[in-house]
Amino acid sequence: MTPGIKPLVAGNWKMNGVLASLSELQLLNSGFSVELQSKIDMLVCVPASLLFPASDATKSSAVQIGAQDCHKNLSGAHTGDISVEMISDVGGSAVLVGHSERRTDHHETNAVVLEKAKTALAHGLQTVICIGETEAEKRVGTTLDVLKSQMAGSIPDAWEKGEMIVAYEPVWAIGSGLTPTAEDVRAAHKFMRDELVVRFGEQGAKTRLLYGGSVKPANAVELMSIKNVDGALVGGASLKAADFLGIAAAYETIA
Ligand code: PGA
């Protein structure tokens, strides 16, 4: 938590979900209570194939829909890619950039992520820039160095539209059931906050910092209570509305 920052609970369906999965979004619509809406924002980043039907299914609810990646260019000869205009055209309001699976599977460097982030922000999207150390980097104690260089390399110097959000996702915690200790999360988020304040001043103090990596209903209260953790980025546990709502419900008990 950070005083004055409204937390964001964001889901990442990754390459999961077909039209039948929209029933989970209907459950989110009805389960995201007005009281909880006053405390947190909720976002689900669906596969590109579901952007339109998911936006349609949530159009009269407070649940926001986002994409999982975008191209740095606005249009052109880029087979298989999706542009920021395409995302917003079908009702998407957010996009993830630089998720570790994109960095690994598609060899996306900080420079690539930076260009995507610039384009997404200029188009007015909520842009969740993902960073995090690998298991090997953690083992040799370079976590904060990795975060420093990923932040320096992937976060634009300035933006006029959109909202820049940073998600800390230790690569070794993603999908593994493992999470860092609360103290490690606290230290990482404090480091990120300090870096952002040095670079952006007041804007950095207000930037939402999400934690991601094996967030579950059972550990949500502990993780979301940590200072400078302003929400979650949730993979596996976002696929079932009951689990995702269980994570969001952490904010019913956090002061
Ligand atoms: P997980 O994934 O919650 O399944 O660990 C998180 C993510 O990759 O965003």
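First, a word on scope: everything that follows refers to the structure included in this document. (Residues numbered from 1 in each chain as written. Predicted model: local features only at pLDDT ≥ 70, side-chain atom pairs only at ≥ 80, totals over all residues. Heavy atoms only, no water.)

### A look at helix α11 (residues 217-224)
Okay, step 1: Among the residues making up α11, those that are buried are Asn219, Ala220, Leu223 and Met224. Summarising the axial view, the buried residues of α11 lie within an arc of 125 degrees, below the 170-degree limit, and thus occupy one face. For α11, the exposed residues set more than 90 degrees away from the buried face come down to Ala218 and Glu222.
Okay, step 2: Along its buried surface, α11 packs onto α9 (182-200), β7 (209-212), β8 (231-234), α12 (241-248) and α13 (250-253). (Buried < 20%, exposed > 50% of the residue type's maximum accessible area, 1.4 Å probe, protein only. Helix = DSSP H or I, 4+ residues; strand = E, 2+ residues; numbered from the N terminus. Arc of directions from axis to C-beta. Contact = heavy atoms within 4.5 Å.)

### Quick look at the packing of aromatic side chains
Okay, step 1: Following the criterion strictly, the structure yields two aromatic pairs and no others.
Okay, step 2: Between tryptophan 159 and phenylalanine 200 the ring centres are 5.2 Å apart and the planes differ by 70 degrees, which places this aromatic pair in the edge-to-face class. Separated by 41 residues along the polypeptide, tryptophan 159 in the loop between α8 (143-154) and β6 (163-168) and phenylalanine 200 in helix α9 bring together distant segments of the chain. The pair tryptophan 159 / phenylalanine 200 is uniform in exposure class, with both members buried.
Okay, step 3: Measuring from ring centre to ring centre gives 6.2 Å for tyrosine 168 and tyrosine 211, while their planes differ by 65 degrees; the resulting arrangement is edge-to-face. In this pair, tyrosine 168 is assigned in strand β6 and tyrosine 211 in strand β7, connecting sequence segments 43 residues apart. Comparing tyrosine 168 with tyrosine 211, the two get one shared label, buried. (Phe/Tyr/Trp six-rings, centres within 6.5 Å; stacked < 30°, edge-to-face > 60°.)

### Remarks on the site of the ligand
Okay, step 1: As a matter of local geometry, the ligand sits amid 13 residues, with Lys14, His99, Glu169, Gly175 and Ser214 nearest to it.
Okay, step 2: One nitrogen or oxygen atom from the side chain of lysine 14 is found 2.7 Å from an oxygen atom belonging to the ligand.
Okay, step 3: Residue histidine 99 places a side-chain N or O atom 2.7 Å away from an oxygen atom belonging to the ligand.
Okay, step 4: Within the complex, 96% of the 280 Å² of free accessible area of the ligand lies under protein.
Okay, step 5: When grouped by side-chain class, the residues that make up the shell around the ligand number four nonpolar, seven polar and two charged. (Near = heavy atom within 4 Å. Polar contact = N/O pair within 3.5 Å; in protein donor to acceptor, adjacent residues only side chain to side chain. Areas by Shrake-Rupley, 256 points an atom, 1.4 Å probe, with all protein chains shown as cover. Nonpolar A, V, L, I, M, F, W, Y, C, P; charged D, E, K, R; others polar.)

### Some details on the sheet that holds strand β5 (residues 126-131)
Okay, step 1: With parallel pairing, the eight strands of this closed barrel are ordered in space as β1-β2-β3-β4-β5-β6-β7-β8. When the angles between neighbouring strand axes are averaged without regard to direction, this sheet yields 25 degrees.
Okay, step 2: The pairing of strand β4 (residues 94-97) with β5 spans four bridges and is classified as parallel. Bridged to leucine 96 within β5 is valine 128.
Okay, step 3: On top of the sheet, α9 reaches β5, β6 and β7; it is set at about 150 degrees to β7, its chief contact. (Pairing = 2+ DSSP bridges. Axes fitted to C-alpha atoms, helices over the stretch in contact; angles between N-to-C directions.)

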